[in-house]
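Coordinates in review
Here is what each chain is made of, one letter per residue.
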Amino acid sequence: ETGVTQTPRHLVMGMTNKKSLKCEQHLGHNAMYWYKQSAKKPLELMFVYNFKEQTENNSVPSRFSPECPNSSHLFLHLHTLQPEDSALYLCASSARDRSQETQYFGPGTRLLVL
Amino acid sequence: AQSVTQLGSHVSVSEGALVLLRCNYSSSVPPYLFWYVQYPNQGLQLLLKYTSAATLVKGINGFEAEFKKSETSFHLTKPSAHMSDAAEYFCAVNTGTASKLTFGTGTRLQVTL
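Calculation rules
Residues numbered from 1 in each chain as written. Chains lettered and ligands numbered in written order. Predicted model: local features only at pLDDT ≥ 70, side-chain atom pairs only at ≥ 80, totals over all residues. Heavy atoms only, no water. Helix = DSSP H or I, 4+ residues; strand = E, 2+ residues; numbered from the N terminus. Rg over C-alpha atoms; globule rule 2.2 N^0.38 Å. Areas by Shrake-Rupley, 256 points an atom, 1.4 Å probe, with all protein chains shown as cover. Lys, Arg positive; Asp, Glu negative; His and termini not counted. Charge placed at Lys NZ, Arg CZ, Asp CG, Glu CD. Buried < 20%, exposed > 50% of the residue type's maximum accessible area, 1.4 Å probe, protein only. Contact = heavy atoms within 4.5 Å. Disulfide = S-S within 2.5 Å. Polar contact = N/O pair within 3.5 Å; in protein donor to acceptor, adjacent residues only side chain to side chain. Pairing = 2+ DSSP bridges. Axes fitted to C-alpha atoms, helices over the stretch in contact; angles between N-to-C directions.

Now for the overall build of chain B. Counting its regular elements, chain B contains zero helices and twelve strands. Tracing chain B from N to C terminus, the helices and strands come up as β-β-β-β-β-β-β-β-β-β-β-β. For chain B, whose C-alpha radius of gyration is 13 Å, the value lies close to the compact-globule estimate of 13 Å for 113 residues. By principal-axis analysis of the C-alpha atoms, chain B measures approximately 45 × 30 × 20 Å. Accessible surface computed for chain B: about 5,400 Å², of which carbon and sulfur atoms make up 53%. Of the side-chain charges in chain B, 8 are positive and 6 negative, and the distance between the mean point of each set is 8 Å.

The following block contains the structure:
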C-alpha cells in the first residue's frame, strides 16, 4: 500500500534536538491523523485534521507540534522530547472525518529518543 | 464512552487450523467496528469493517467477522491459517460522529508448521 507515505522511516534524536516527521497521502482524502504506537499499549490518537483544520488534540504535550499545510501533507514537529516519547508514529488518512470511514495508514516512523 | 477488549495478547495456531481472534466492545450506541492487521515494520491495513449492514462481514485474505449485539462481540475468524497470516491484529470501535477510533491492545498471531 503506497497511498500514505511517511519519512523518515527511522529517526534517532537527542532530547535537545528538533526534528520533523512528514506524511503525504496520495488518495485524495480530506482528513489526516497522527497516532502513537508504544509497546504493549493501544494505539493513541494524537491529532486529527479535517480540510486542513485541526479538529482533535488528544491532550498531547506541546513538545509535539502538528502542521497541515494542505489536505495531502501532514507534519509532526518534535522538540525537547523525552525518552518515553520513543515509539512508532503512524500517520493515517480518510476520505472524511466521519465515524464509518476507513482510515488508511502509512508505514510509520520509528522514533528513538536518547 | 467506547472501548475495546481483545482477549489474548498472543494466539498460536497450526497451519491449516481455524483462526479465532476475540474482540468485545463497549458502547452505548450502535458501533462501527474494524479489524486491522499489522505486519512487521509496516502500518495498519484494513481487513474488514462493520457499518450496520450485514452482521457477517467478509474481508480480505479469507478473514471474516460476525457482529453479535447480544454478546457485544466482533470476533475475527479464518477457516484455515496460512504462514503468511502471522502478524498483529487490532480491533477498533467508533461510536461518535467523527472518525475517532479506539483500538484494542492487539493480538499477535503465530502460525506454526
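From this point, things continue past the structure.
On to the overall build of chain A, then. Across its full length, chain A holds zero helices and eleven strands. Along chain A, helices (α) and strands (β) appear in the sequence β-β-β-β-β-β-β-β-β-β-β when read from the amino end. The C-alpha atoms of chain A give a radius of gyration of 13 Å, which matches the 13 Å a tight globule of 114 residues would have. Judged by the C-alpha coordinates and their principal axes, chain A covers about 35 × 30 × 30 Å. With 114 residues in all, chain A has 50% of them scored as buried. Of the contacts formed within chain A by residues at least 6 apart in sequence, a portion of 53% connects residues at least 24 apart. Of the side chains in chain A, 12 bear a positive and 10 a negative charge, and the two mean positions are spaced by 6 Å.

Our next topic: the state of the cysteines. Residue and element names in this part refer to chain A. All told, the structure shown has two disulfides over all chains when counted by the stated rule. Each sulfur of the disulfide joining cysteine 23 and cysteine 91 lies 1.9 Å from the other. Because the torsion about its S-S bond is -75°, the bridge between cysteine 23 and cysteine 91 counts as left-handed. Highlighted residues: cysteine 23 in strand β3 (residues 18-25) and cysteine 91 in strand β9 (residues 87-94), separated in sequence by 68 residues. With relative accessibility at 0%, the residue cysteine 23 sits in the buried group. A relative accessible area of 0% places cysteine 91 in the buried class.

Further remarks concern the side chain of glutamine 25 of chain A. Residues and elements named next belong to chain A. Within the secondary structure layout, glutamine 25 lies in strand β3. Looking at glutamine 25, its side chain comes within polar contact range of the main-chain nitrogen of glycine 28, at 3.2 Å. Among the polar contacts made by the side chain of glutamine 25, one reaches the main-chain carbonyl oxygen of histidine 29 at a distance of 2.8 Å.

All right, on to unusual backbone geometry then. Residue proline 8 of chain A is bonded to the preceding threonine 7 of chain A through a cis peptide linkage, with omega at -10°. Looking at the secondary structure, you find proline 8 of chain A in the loop between β1 (4-7) and β2 (10-13). Of note, threonine 80 of chain A is a non-glycine position whose phi angle comes to about 45°, a positive value. Mapped onto the secondary structure, threonine 80 of chain A falls in the loop between β8 (73-79) and β9. The backbone of asparagine 61 of chain B shows a phi angle near 60°, a positive value even though the residue is not glycine. Residue position: asparagine 61 of chain B is located in the loop between β7 (56-58) and β8 (64-68). The class for asparagine 61 of chain B is partly exposed, based on a relative accessible area of 42%.

Okay, the sheet that holds strand β7 (residues 64-70) of chain A next. Residue and element names in this part refer to chain A. Read from one edge to the other, the open sheet built from four strands follows the order β1-β3-β8-β7, with strand pairing classed as antiparallel. Strand pairing shows two members of the sheet lacking a second neighbour, β1 and β7, which therefore form its edges. The mean angle between the axes of side-by-side strands here comes to 20°, regardless of whether they run parallel or antiparallel. Sheet topology places β3 next to β8; seven bridges connect them, and they run antiparallel. If you follow glutamate 24 over to β8, its bridge partner there is histidine 73.

Purely geometric numbers; function is a separate question.
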